[in-house]
Amino acid sequence: MTIRLPDAQGGLRAYEPRTEPLALTPGAPFTSRTVFSAAHVVADPYADVSPDSPAAVDWDATLAFRRHLWSHGLGVAEAMDTAQRGMGLDWAGAAELIRRSAAEAKAVGGRIACGVGTDQIAAGSLAEVRAAYEEQLAVVEESGAQAILMASRALAAAASGPEDYLEVYGHLLRQAAEPVILHWLGPMFDPALEGYWGSSDLDAATDTFLEVIAAHPDKVDGIKVSLLDAQREIDLRRRLPQGVRCYTGDDFNYPELIAGDEKGFSHALLGIFDPLGPLAAEAVRVLDTGNVPGFRELLDPTVELSRHLFQTPTRFYKTGVVFLAWLAGHQAHFTMVGGLQSARSLPHFARAYELADGLGLFPDPKLAEERMRTLLALYGVAQ
């Protein structure tokens, strides 16, 4: 039975949904790569809130999704961009999310790393930025999770040049209790981060970034690079000190970067692994056996979906991620904190459904089809 889906030209096309999902089951822990999925939050649809209100989170559904990721061997990167930090989830909500998710990770034996930023302040002096980072670092360390030092809008606004980044990050790394992951998020994900590391020249910014790491290699577990530039990431990882990992955050080129080359490879910390979790886990287990072609055979076909979800404006990829979680049955509704379910068009949703269904990502294809039909009916599309 076909379903009529809208296209970008304003017409309707017939699509025949698949009837069986991919057979993907939990398996052994990974041995060749460390892999984190940045995870979304599930909104409480019954909360009487506006887009400007503090986030109302459905904690049970949010934690259940994390258990789903852990069950497939993935680590969870918590309270990151995918969880709508700075786009619906404020610091108070993020702190609660960190505490709850870290406790859940401890209970089930899951790996977790949590985002440390400065979003409790909108702007401030360098001293105030440092203090904001310190407050969040303390919350993450007290929870028992690994810290991810996220890029800061407030630091981007306050810093006058590379030396300010060297000072702030040096201060934080010296006091970190355990090695952290440094996160370089490009302006395509957040325009307020333009010129991070003291320059809009990416070569100059890279030199400053590497200078921070070189001064404190024992305090840097790895770096997460989200610049959507595969060659730049490869060049950067080849310049890292021995023992410092590169976690790809490139949602356009992740299969080739994780597979690597004769000079090295990237681990992964990716938002696209939220909807791809079980399939991504299966691919990494194939890679663990040394079967690179088999890994690419599984993961390469997912890139079209990822590029679709992360298309410009890239920062709205979270809408597609949550949409697919709803279709997959991980939550009972398509509501997002901050009202962000409105950030993508119906043709965008239709194409995301078609691509995800074609990959076999939905555990219950019939449920996904029924929910897609419901959305189409709400938009006035007759079948």
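The coordinates are above.
In this report, the structure presented in the accompanying data block is examined.

Conventions adopted
- Residues numbered from 1 in each chain as written.
- Predicted model: local features only at pLDDT ≥ 70, side-chain atom pairs only at ≥ 80, totals over all residues.
- Heavy atoms only, no water.
- Helix = DSSP H or I, 4+ residues; strand = E, 2+ residues; numbered from the N terminus.
- Buried < 20%, exposed > 50% of the residue type's maximum accessible area, 1.4 Å probe, protein only.
- Contact = heavy atoms within 4.5 Å.
- Areas by Shrake-Rupley, 256 points an atom, 1.4 Å probe, with all protein chains shown as cover.
- Lys, Arg positive; Asp, Glu negative; His and termini not counted.
- Charge placed at Lys NZ, Arg CZ, Asp CG, Glu CD.
- 1 Å grid on protein atoms, 1.4 Å probe; cavity = no way out; pocket = protein on both sides within 12 Å on 5 of 7 lines; lining within 4 Å.
- Points joined across faces, edges and corners; volume = space filled by probe spheres on them.
- Nonpolar A, V, L, I, M, F, W, Y, C, P; charged D, E, K, R; others polar.
- Core = buried A, V, L, I, M, F, W, Y, C linked by side-chain atoms within 4.5 Å.

**With respect to the overall build of the protein chain**
Counting its secondary structure elements, the protein chain contains 14 helices and 10 strands. Along the longest, intermediate and shortest principal axes, the C-alpha atoms of the protein chain span 60 × 50 × 45 Å. Relative to its full complement of 383 residues, the protein chain shows a buried share of 56%. Taking the intrachain contacts of the protein chain between residues at least 6 apart in sequence as the baseline, contacts between residues at least 24 apart amount to 70%. Roughly 15,000 Å² of accessible area belongs to the protein chain as shown, and the carbon and sulfur atoms make up 50% of that amount. Of the charged side chains in the protein chain, 32 are positive and 50 negative; the average position of the first set lies 3 Å away from that of the second.

**Brief notes about the layout of surface pockets**
In this model, the largest pocket occupies a volume close to 400 Å³. Arg-85, Gly-86, Asp-119, Arg-153 and Asp-190 are the residues nearest the centre of the largest pocket, which is lined by 24 residues in total. In terms of residue class, the lining of the largest pocket is built from 12 nonpolar, five polar and seven charged. The volume enclosed by the second largest pocket comes to roughly 270 Å³. Forming the walls of the second largest pocket are 19 residues, and the residues nearest its centre are His-68, Pro-278, His-330, Leu-361 and Pro-363. Where the lining of the second largest pocket is concerned, the elements lending two or more residues are helix H1 (59–71), helix H9 (277–288) and helix H12 (317–327). Here the residues of the lining of the second largest pocket sort into 14 nonpolar, four polar and one charged.

**Observations concerning the nonpolar core**
The biggest cluster of nonpolar side chains holds 119 residues, and the ones touching the most others in it are Tyr-169, Leu-182, Tyr-196, Ile-223, Phe-273, Phe-323 and Tyr-353. Broken down by element, the residue count for this core peaks at eight residues, all from helix H13 (residues 346–359). Those residues in contact with Phe-323 that lie beyond four places of it in its chain are Phe-334, Phe-349, Ala-352, Tyr-353, Met-372 and Leu-375. Counting residues in each nonpolar core, the second largest holds 10 residues, with Ala-38, Ala-113, Ile-181 and Leu-269 among its members.

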